[in-house]
Amino acid sequence: MSASLRFSGSAYSVPKPTSLQRQWASPALLSFAAFRPWSSSCISLRRCCESRVFKVCCQGGNVDVVQRNEFEAISFGEAENQLTCVMKFGGSSVASAERMREVADLILSFPNERPVIVLSAMGKTTNKLLLAGEKAVSCGVTNVDTLEELFFIKDLHHRTANELGVDRSIVDGHLEVLEQLLKGISMMKELTLRTKDYLVSFGECMSTRIFAAYLNKIGVKARQYDAFEIGFITTDDFTNADILEATFPAVAKRLNDDWFSDPAIPIVTGFLGKGWRSGAITTLGRGGSDLTATTIGKALGLREIQVWKDVDGVLTCDPNIYPQAEPVPYLTFDEAAELAYFGAQVLHPQSMRPAREGDIPVRVKNSYNPNAPGTLITRNRDMSKAVLTSIVLKRNVTMLDIVSTRMLGQFGFLAKVFSIFEDLGISVDVVATSEVSISLTLDPSKLWSRELIQQELDHVVEELEKIAVVNLLQHRSIISLIGNVQRSSLILEKAFRVLRTSGVNVQMISQGASKVNISLIVNDNEAEQCVRALHSTFFESELPELDQIDSTY
Ligand SMILES: Nc1ncnc2c1ncn2[C@@H]1O[C@H](COP(=O)(O)OP(=O)(O)O)[C@@H](O)[C@H]1O
Ligand SMILES: N[C@@H](CC(=O)OP(=O)(O)O)C(=O)O
């Protein structure tokens, strides 16, 4: 092994041509490469098996490097150089062999970084696994091997391995166990939350194995890790587990020790952990790979956490509701956390916590459009010009109106109501209160089973009716206006003008102490139209200058 990759300097010092394809063939980069032996190695690493670039590398005078490393892994970095950043790629970023190749290119286009890579399952694999599990419950053991979802998952992973030129046996063991597991579910005729977590874990376990094998194949030394084997310790709340503090030192020790003794890019399964009591595989809730990434970022004290998605960053609203939504260039951890918690699918609701605790910037980028600046999330940002940052919609919310059966002056009413929620383990999102009444929203979408939701709701109402008159209102939406609540009068004035024009009645409103969020509750069937109208008012029409606003309000 003669060549090694050496990294130094800042992450964004590498020239970034407009397309990756051009980047690899770009004369500018080749001359850049000629000055830095490790960066030319990067080119050879990626393309050493492809004759076109092999030739380009020869022209660049790197024949030696290319030939020597054609089928062997280059050791990555010098041992004393620590890992620098974490790069998380979501399901859409690694949905196919082609996408995995592009992600590998992308990683190598940051030669100054020594990254930890976190991957989600390929494309929609998690959904397919869950569907296969649900079907297995009732399809009969002999029919499991004909489940179309199982066929799809096998075909996707085998095809991807073949197309990347890695040995498909890398996933064969997992695919066999997966089929056995589905047969087990079929025999037992039940799919518990614990089994669900084990079932979906196959997605991340396979995507990371294929990707690590591919990196090694192209000459970039990589090492695959199952998060549940390297210290991701969680609560035993299957399907929605919380990461425990013990995780941070354990993960840091394992990744650092391995890196220092034998440097190789760590490729870690997102979304997965190990329950501290059960020892079983747990998951961190849908979209949980973001949380895996920020946990690693904090554990290792990395310089930056990058989450690579299929959009140009966090947008002014969900592009599925409003395709003209624009990227938001800067956010604070508080804004991002609020936005994620109130339903913006782009970030996992808990993912900002480790980043905020470790004060590590998070960059949300588009793996389909790497040159787009994305969104940078940090502790503070300049709020002097900020009014509204983003509009978030959370659908299918249940609202409760709870009125005390005793009259005014009753102390302890709020405490009693909240202790009922605590006892039942139900989380409350938005609250508005008076002395004798409370309106609040619950979030049933956090639960995975519909039956359970109804049962739980019935139970809540039953308990509350012992002390209050309860009105249960379903099919509501929370519209969250994330922004500068110092400008709340302006935001509310404009928002209510829009809502009045649209003929929409707001059923509850809450402006919390967070200083970044105003929540409005409306009917589900009016919500999308409201979001579109609010978006065009706040983001597409000129807002008055802030000086003017100040004198008006
Ligand atoms: N405010 C928002 N900004 C950006 N994307 C959003 C927003 N709200 C919803 N989304 C959706 O989130 C998706 C990205 O999140 P996700 O699917 O979890 O990404 P990944 O699987 O790549 O991690 C986008 O494709 C978009 O449809
Ligand atoms: N694969 C898991 C975890 C995850 O984070 O996925 P994504 O990054 O694609 O949202 C899920 O679908 O929930």
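In case you missed it, the structure is sitting above this.
Read on for an overview of the structure. Please read these numbers as outputs of a predicted model, since none were measured by experiment.

Conventions we followed
- Residues numbered from 1 in each chain as written.
- Chains lettered and ligands numbered in written order.
- Predicted model: local features only at pLDDT ≥ 70, side-chain atom pairs only at ≥ 80, totals over all residues.
- Heavy atoms only, no water.
- Helix = DSSP H or I, 4+ residues; strand = E, 2+ residues; numbered from the N terminus.
- Buried < 20%, exposed > 50% of the residue type's maximum accessible area, 1.4 Å probe, protein only.
- Contact = heavy atoms within 4.5 Å.
- Areas by Shrake-Rupley, 256 points an atom, 1.4 Å probe, with all protein chains shown as cover.
- Core = buried A, V, L, I, M, F, W, Y, C linked by side-chain atoms within 4.5 Å.
- Near = heavy atom within 4 Å.
- Polar contact = N/O pair within 3.5 Å; in protein donor to acceptor, adjacent residues only side chain to side chain.
- Nonpolar A, V, L, I, M, F, W, Y, C, P; charged D, E, K, R; others polar.
- Disulfide = S-S within 2.5 Å.
- Pairing = 2+ DSSP bridges.
- Axes fitted to C-alpha atoms, helices over the stretch in contact; angles between N-to-C directions.

Each helix and strand in the protein chain was counted, giving 19 helices and 19 strands. The buried share among the 553 residues of the protein chain stands at 54%. When contacts within the protein chain are restricted to residue pairs at least 6 apart in sequence, long-range pairs at least 24 apart make up 75% of them. Looking at the protein chain as shown, the accessible area adds up to about 23,500 Å², and 51% of this sits on carbon and sulfur atoms.

Core analysis: the biggest nonpolar cluster contains 70 residues, and Val-116, Ile-296, Leu-300, Leu-347, Ile-377, Ile-479 and Leu-481 have the highest contact counts within it. Once residues lying within four places of it in the same chain are set aside, the contact partners of Ile-377 are Leu-331, Thr-332, Phe-333, Ala-336, Leu-347, Met-352, Pro-361, Val-362 and Val-364. With 55 residues, the next largest nonpolar core counts Val-94, Met-100, Tyr-214 and Ile-267 among its residues.

Around ligand 1, a shell composed of 16 residues is seen, among which Lys-88, Lys-309, Asp-310, Leu-315 and Asn-320 lie nearest. Here an oxygen atom of ligand 1 and a side-chain polar atom of Asn-320 are 3.0 Å apart. Contacts to ligand 1 include Gln-345, whose side-chain N or O atom sits 3.0 Å from an oxygen atom. When ligand 1 sits alone it has 570 Å² of accessible area, and the protein chains cover 87% of it. Tallied by class, the residues present in the shell around ligand 1 amount to six nonpolar, six polar and four charged.

Applying the stated rule across the entire model yields zero disulfides. Looking at the unpaired Cys-317, the closest cysteine sulfur is the one in Cys-530, lying at 12 Å. Look at Cys-530 and you get buried, because its relative accessible area is 0%.

Time to look at the sheet that holds strand E19 (residues 517-523). Read across the open sheet, the six strands follow the order E15-E16-E14-E17-E19-E18; overall the sheet is antiparallel. What marks the edges here is a single partner per strand, and that holds for strand E15 (428-433) and strand E18 (508-511). In this sheet, adjacent strand axes meet at a mean angle of 30 degrees when their direction is disregarded. In this sheet, E19 lies alongside E18 in antiparallel orientation, the contact comprising four bridges. Residue Ile-509 lies in a different strand from E19, and its bridge partner there is Leu-520. The sheet strands contacting helix H15 (residues 413-424) are strand E14 (388-404), E15, strand E16 (437-442) and strand E17 (468-483), and the helix crosses E16 at an angle near 20 degrees. Those strands touched by helix H18 (residues 524-539) are E14, E17 and E19, and its axis lies near 140 degrees from that of E14.

Moving on: the pairing of E16. Strand residues, when the strand is regular, have side chains that alternate between the two faces of the sheet. Counting buried residues in E16 gives five out of six residues, a clear majority hidden from the surface. Pairing between E14 and E16: six bridges, direction antiparallel. Its bridge partner lying in E16, Asp-401 is registered against Ser-439. For E15 and E16, the ladder comprises four bridges, and the chain directions are antiparallel. Bridge assignment links Ala-432 to a residue of E16, and that residue is Ser-439. Between E15 and E16, which pair antiparallel in sequence order, lie three residues.

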